[in-house]
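Listed here are the chains, written in short residue letters.
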Amino acid sequence: VSFMILALTMLFMTTSAQTPPATDVASAELLRLVKEDQADRSFFLDARNKPTTQQLKTMDDGDKARFKRTNEILDTAAKLSAEGLDAAGLLMQHGSNLESFVRAHELTACASFLGKQGSLIAASEDRYLMNLKRKQRFGAQFVGFGSDMKLYNVEESSPTAVTDSLRRIYFEPQ
């Protein structure tokens, strides 16, 4: 995995350095897909109510289509900006299997190496661990909806547990 991250970073550093952020067509499309993704999740903003069956179906159908299109872009794009990599990471984060969560983490790591700061690199690690039925490290993942929403289990007692100061680095804008 480390080699893949390094290789992807080197590939995208040479191309994105010549392209202003998100001006390449592929990155622009990924950013558009993220707007659709977030619109499909607008029901999360109302913490009092659970989503309707139709809202969940709309989100699920949209996720499947965006996941497919994101993979097509990643398989064919000659270059992506840091913003495009981060957008692709968010879209992969909403996949349905462990491989998509690993890819989300790799893409957001590449975006981070290129200067795109954000919490998605921590959130993608937590999503991966949660889907392995393990405790998350950063505390970025929740389960349930509306008033039933709660923080998924966080590892706090191991010697390698994430400290609050490290969480601040990931989750507070610099």
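Rules used throughout
Residues numbered from 1 in each chain as written. Predicted model: local features only at pLDDT ≥ 70, side-chain atom pairs only at ≥ 80, totals over all residues. Heavy atoms only, no water. Phe/Tyr/Trp six-rings, centres within 6.5 Å; stacked < 30°, edge-to-face > 60°. Helix = DSSP H or I, 4+ residues; strand = E, 2+ residues; numbered from the N terminus. Axes fitted to C-alpha atoms, helices over the stretch in contact; angles between N-to-C directions. Parallel < 35°, antiparallel > 145°, perpendicular 65-115°, else oblique. Left-handed = near helix turned anticlockwise from the far one by under 90°. Contact = heavy atoms within 4.5 Å. Nonpolar A, V, L, I, M, F, W, Y, C, P; charged D, E, K, R; others polar. Core = buried A, V, L, I, M, F, W, Y, C linked by side-chain atoms within 4.5 Å. Buried < 20%, exposed > 50% of the residue type's maximum accessible area, 1.4 Å probe, protein only. Expected span 1.5 Å × (residues − 1). Lys, Arg positive; Asp, Glu negative; His and termini not counted. Salt bridge = Lys/Arg side-chain N within 4 Å of Asp/Glu carboxyl O.

### Some thoughts on the packing of aromatic side chains
Part 1 of the reasoning: Taken as a whole and assessed by the stated rule, the structure comprises 3 aromatic pairs.
Part 2 of the reasoning: When the centroid spacing of 6.5 Å and the interplanar angle of 70 degrees are considered together, the rings of Phe138 and Phe171 count as edge-to-face. Taken together, the positions of Phe138 in the loop between helix H6 (120-131) and strand S1 (142-143) and Phe171 in helix H7 (residues 164-171) put the pair 33 residues apart, joining distant regions of the chain.
Part 3 of the reasoning: Three or more aromatic residues joined by ring pairs make a cluster, and in this case those are Phe138, Tyr170 and Phe171.

### A short note on the packing of helix H2 (residues 25-40) against helix H3 (residues 53-76)
Part 1 of the reasoning: One can describe the packing of H2 onto H3 by two numbers: an axis separation of 10 Å at closest approach and a directional angle of 170 degrees. By the angle between their directions, the pair H2 and H3 is classed as roughly antiparallel. By crossing handedness, the relation of H2 to H3 is classed as left-handed. Mapping the contact onto sequence places Ala26, Glu29, Leu30, Leu33, Glu36, Asp37 and Asp40 in H2 and Thr58, Met59, Gly62, Asp63, Arg66, Arg69, Thr70 and Ile73 in H3.
Part 2 of the reasoning: Residues of the contact of H2 with H3, tallied by class, amount to 5 nonpolar, 3 polar and 7 charged.

### Section: the nonpolar core
Part 1 of the reasoning: One finds Leu30, Ile73, Leu80, Leu85 and Leu107 to be the most contacted residues of the largest nonpolar core, which totals 19 residues.
Part 2 of the reasoning: Among the elements of the structure, H2, H3, helix H4 (82-93), helix H5 (98-113) and H6 are those that each provide at least two residues to this core.
Part 3 of the reasoning: The element that contributes the greatest number of residues to this core is H4, accounting for 6 residues.

### Topic: H2
Part 1 of the reasoning: Along its 16 residues, H2 runs 23 Å from first to last C-alpha, staying within 8% of the 22 Å computed at 1.5 Å per residue.
Part 2 of the reasoning: Summarising the contacts, the buried residues of H2 are in contact with H3 and H4.

### Topic: the side chain of Arg127
Part 1 of the reasoning: One can find Arg127 in helix H6.
Part 2 of the reasoning: Within the buried core, Arg127 has no salt-bridge partner, and the shortest N-O distance to an opposite charge, that of Asp63, equals 7.6 Å.

### A few points about the pattern of salt bridges
Part 1 of the reasoning: Evaluation of the coordinates by the stated rule reveals 16 salt bridges.
Part 2 of the reasoning: When the shortest N-O distance is used, the salt bridge between Arg41 and Asp37 registers 2.9 Å. Taken individually, Arg41 and Asp37 each receive the classification buried, so the pair is uniform in this respect.
Part 3 of the reasoning: Arg167 serves as the salt-bridge partner of Asp164, at 2.9 Å between the closest nitrogen and oxygen. Of this pair, Asp164 and Arg167 both sit in helix H7, 3 residues apart, roughly one helical turn.

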